[in-house]
Amino acid sequence: PIAKVIIFQAQVQGDQAAPQLWKAIAQAQQYHCDTLILTRGGGSLEDLWAFNNEELARCIANCPTAIVSAVGHEIDFMLTCIQRTYGRSTCVPPR
């Protein structure tokens, strides 16, 4: 295989999402991953609010592993977008 993929489960919306995401990032450090991908599809601002969490942004900023953040649609901008190592645009459905 070209790469080994490990999935770290976490909620991506709701009150427990941000704490679960930073725990997943910490857990990934134990596996010495080369890259982490933090992603989810679009939604309302409220649905994406976990990615505006300051503690999650600090966790990403302090993570020694490269992080790709692809959250929401291209028009969505979260705190995690500022702290990421790399960012990818997500597609916006045609109108």
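Residues numbered from 1 in each chain as written. Predicted model: local features only at pLDDT ≥ 70, side-chain atom pairs only at ≥ 80, totals over all residues. Heavy atoms only, no water.

S.K.: I'd like to hear about the confidence of the model for the protein chain, residue by residue, with values.
M.R.: Mean pLDDT over the protein chain works out to 79, with 75% of the residues at or above the 70 mark. Taking the mean pLDDT of every element in the protein chain, the minimum, 47, falls on strand β3 (residues 86-87) and the maximum, 93, on helix α1 (residues 17-30). (pLDDT = per-residue confidence, 0-100. Helix = DSSP H or I, 4+ residues; strand = E, 2+ residues; numbered from the N terminus.)

S.K.: Can you tell me about helix α3 (residues 54-62), naming the residues and giving the values?
M.R.: For α3, the set of buried residues is L56, A57 and I60. Along α3, the residues classed as buried sweep out an arc of 100° about the axis, all on the same side. Facing away from the buried side of α3 by over 90 degrees, the exposed positions are E55, R58 and N62. Where α3 begins, one side-chain oxygen reaches toward the backbone nitrogen of E55, 2.9 Å away; that side chain belongs to N53. (Buried < 20%, exposed > 50% of the residue type's maximum accessible area, 1.4 Å probe, protein only. Arc of directions from axis to C-beta. Polar contact = N/O pair within 3.5 Å; in protein donor to acceptor, adjacent residues only side chain to side chain.)

S.K.: Mind laying out the layout of surface pockets, listing which residues take part and the relevant values?
M.R.: Unoccupied space between atoms shows up once a probe the size of one water molecule is rolled over them. Considering only enclosed or pocket space, the largest pocket measures out at about 630 Å³ in volume. In this structure, the largest pocket is lined by 21 residues; those nearest its centre are I6, F8, T35, L36 and I37. Elements with a minimum of two residues in the lining of the largest pocket: α1 and β1 (35-40). If you tally residues by element for the lining of the largest pocket, the top one is β1, at five residues. (1 Å grid on protein atoms, 1.4 Å probe; cavity = no way out; pocket = protein on both sides within 12 Å on 5 of 7 lines; lining within 4 Å. Points joined across faces, edges and corners; volume = space filled by probe spheres on them.)

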